[in-house]
Amino acid sequence: MTTRRTRPAPRPPEGTPPRAELAHQARAVLADAVRIAHWAAGTPGPGTAAPLAAHALERAATALELSPAQVRAGWDRARLAGLVELHGDTARPGWRLRAWDRDDSAVLRGWVALFDAWSLVHAAPEGIEAGAVAEAVEAVPQVLSLLQLSAGPVTVPALLDLLGQRVAELHEERCEVPLGPGRTAPAASAAPAETAADQAATAGPARSADLNALLLDWALEGLAAVGALTLGQGHATLTPLGNWAVWVKLEQICVAAQSPAGNIEQSAADMLLGCARLTPGPARDEYRAWLAARTVGSAVAELLAVARGEDALLRGLAFEALRVVGGPAEPEVRAVLAEPSLRPYALLWLAEYEGNDPDDAQDVLSREEATWLWVDTAAAVADHGETGLLVRHLDSAVQGTVPALLDEVRAVGHPRTVQVLVALAAAHPDPALAKAVRRAAFQVHTGGA
């Protein structure tokens, strides 16, 4: 017997506005983006893809009485917040746009998606090496944590000192030794023109501090542009929206320290196997803990890599974990729709993500996709479940009769079809039905009709 401690639901910091007020503030930040999204969604034909075509930019500016720069900025925000979806050269309304006026949670998720993409909203200074920009982006969470914990204005010098410390830590983690007195860079003939980052790396601490100051200004301006903070004379302060978002992310990190099953340091495959016997609630706790210990991009990539493997159980569990990721996983999930083995799972994930009831989500699958998913789920049961569960799995098929199911299973081309049918025939108590299933397995195996 083990005792599981239940962590009470955390409360936002004192003074945090209610969700309805936060959603109102998020709607204000994204007001122009929503207007442009409605305009783009109601404008059929090509010309609204990214980047926004010149003639579409002019039409939008005229129709909405905005400057071209405002239209371009609003269009970028609409895409980043999931208000529009691009299908070729055509923009369609995203589910968040449809739910915008009635669903505060959809609004906040849209704003958080924009907040996470702040470095795309505000272009980095020209001439800065991409690696230096990436380091600044990686260091910004520590800057935001200081702002959140301070619960008020923080001076720019204090933020700059923290940014410099974090960048130095990143260099140390990668075993990068800075050049110092008495050390010289290796000579190179025909060296390319130096970038600002190259010059900073070879000009000593003063130039590095200048580079950090430039990157901090860029980061603060980018975060202010998405409504996460306000800038004063020599200081920065989180907005209520920014304060709430940083608190949420800090809470997610805290969950990582409370993983009851100890899966935080495991690979995605081992973590999912460790969660296979858990009930849904504890399993989601494990997913959250594992995710909080990783960057979103690497976690999603690892989960999808597992989903592409041969183990059907892990495929299903990987998408359960992706449900915990939520919005940040949407582009990657949408990108796998072209992969037959992942398409049914991705369609169901997107349907639920867009607000459909899980019980009705199956309606988004074609008959063939539903049959493929039935075989894949049966493979997971055959590999990891009980024989009685495999027999009961027959009831979940969309086909009304076993003969119809067998006909369509033979045609769907799942690589595990033969093994599933053999296992089902061995498990089923009805001799006649078992015989028909064995015959179908033999036909698939030999390529017969």
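If you're wondering where the values come from, they're calculated on a predicted model, not measured in any experiment. (Residues numbered from 1 in each chain as written. Predicted model: local features only at pLDDT ≥ 70, side-chain atom pairs only at ≥ 80, totals over all residues. Heavy atoms only, no water.)

**A look at the packing of aromatic side chains**
Turning to step 1, where the next piece is worked out: For the structure shown, the criterion picks out four aromatic pairs.
Turning to step 2, where the next piece is worked out: Each ring, one from Trp-349 and one from Tyr-353, has its centre 5.1 Å from the other, and the planes form 20°; the classification is stacked. Here Tyr-353 and Trp-349 lie together in helix 18 (residues 343–353), a separation of four residues that amounts to about one turn. Here Trp-349 matches Tyr-353 in class, with each residue buried. (Phe/Tyr/Trp six-rings, centres within 6.5 Å; stacked < 30°, edge-to-face > 60°. Helix = DSSP H or I, 4+ residues; strand = E, 2+ residues; numbered from the N terminus. Buried < 20%, exposed > 50% of the residue type's maximum accessible area, 1.4 Å probe, protein only.)

**Observations concerning the environment of Gln-443**
Turning to step 1, where the next piece is worked out: Summarising the element assignment, Gln-443 is placed in helix 23 (residues 431–446).
Turning to step 2, where the next piece is worked out: Measuring from C-alpha to C-alpha, the distance between Gln-443 and Arg-410 comes to 8.1 Å, with 33 residues separating the pair along the chain.

**Structural notes on the pattern of salt bridges**
Turning to step 1, where the next piece is worked out: Counted under the stated rule, the structure contains 13 salt bridges.
Turning to step 2, where the next piece is worked out: The partner of Asp-285 in a salt bridge is Arg-288, and the shortest N-O contact between them spans 3.3 Å. Taken together, the positions of Asp-285 and Arg-288, both in helix 14 (residues 280–292) and three residues apart, correspond to about one turn of that helix.
Turning to step 3, where the next piece is worked out: For Arg-288, a relative accessible area of 39% puts it in the partly exposed group.
Turning to step 4, where the next piece is worked out: Between Arg-334 and Glu-330 there is a salt bridge, with the nearest N and O atoms lying 2.9 Å from each other. (Salt bridge = Lys/Arg side-chain N within 4 Å of Asp/Glu carboxyl O.)

**Focus: the sheet that holds strand 3 (residues 154–155)**
Turning to step 1, where the next piece is worked out: In space, the three strands of this open sheet follow the order 3-5-4, with antiparallel pairing throughout. Two strands bound the open sheet, and with one partner strand each, they are strand 3 and strand 4 (229–232).
Turning to step 2, where the next piece is worked out: In terms of strand pairing, strand 4 meets strand 5 (residues 235–238) through four bridges, oriented antiparallel. Bridge assignment links Leu-231 to a residue of strand 5, and that residue is Ala-236. (Pairing = 2+ DSSP bridges.)

**Section: helix 18**
Turning to step 1, where the next piece is worked out: The buried fraction of helix 18 amounts to nine of the 11 residues, a majority that puts the element mostly inside the structure.
Turning to step 2, where the next piece is worked out: Taken as a whole, helix 18 has its buried residues at Pro-344, Tyr-345, Ala-346, Leu-347, Leu-348, Trp-349, Leu-350, Ala-351 and Tyr-353.
Turning to step 3, where the next piece is worked out: Buried positions along helix 18 lie against helix 5 (95–99), helix 16 (312–325), helix 17 (330–335) and helix 19 (367–384).
Turning to step 4, where the next piece is worked out: Positioned one or two residues after helix 18, Gly-355 has a phi angle of 100°, which is positive. (Contact = heavy atoms within 4.5 Å.)

**Details of unusual backbone geometry**
Turning to step 1, where the next piece is worked out: One non-glycine residue, Glu-65, lies in positive phi territory at about 55°.
Turning to step 2, where the next piece is worked out: In this structure, Ala-151 takes a positive phi of about 55° despite not being glycine.
Turning to step 3, where the next piece is worked out: Topologically, Ala-151 is positioned in the loop between helix 8 (130–150) and strand 3.

**Re the side chain of Arg-27**
Turning to step 1, where the next piece is worked out: Following the sequence through the fold, Arg-27 ends up in helix 1 (residues 19–29).
Turning to step 2, where the next piece is worked out: Those residues within four positions of Arg-27 in sequence are excluded, and the remaining contacts are Trp-100, Asp-101, Arg-102, Asp-103, Asp-104 and Val-107.

**Topic: the nonpolar core**
Turning to step 1, where the next piece is worked out: Counting residues in each nonpolar core, the largest one holds 63 residues, and the members touching the most others are Leu-272, Leu-303, Phe-319, Leu-322 and Trp-374.
Turning to step 2, where the next piece is worked out: Judged by nonpolar contacts, the second largest core, of 61 residues, contains Trp-100, Leu-108, Ile-128 and Trp-247. (Core = buried A, V, L, I, M, F, W, Y, C linked by side-chain atoms within 4.5 Å.)

**Details of the confidence of the model for the chain**
Turning to step 1, where the next piece is worked out: Here the chain averages 79 in pLDDT, while 81% of its residues score no lower than 70.
Turning to step 2, where the next piece is worked out: For the stretch residues 1–8, pLDDT sits under 50, and the model shows seven contacts to residues farther than four places along the chain or on other chains.
Turning to step 3, where the next piece is worked out: Below a pLDDT of 50 lies the segment residues 176–207, which in the model reaches 24 contacts outside its immediate sequence neighbourhood of four places, other chains included. (pLDDT = per-residue confidence, 0-100.)

**Regarding the side chain of Asn-243**
Turning to step 1, where the next piece is worked out: Along the chain, the position of Asn-243 falls in helix 12 (residues 240–256).
Turning to step 2, where the next piece is worked out: Its relative accessible area of 17% is what places Asn-243 among the buried residues.
Turning to step 3, where the next piece is worked out: Beyond its immediate sequence surroundings of up to four residues, Asn-243 is in contact with Pro-13, Thr-16, Gln-148 and Leu-238.

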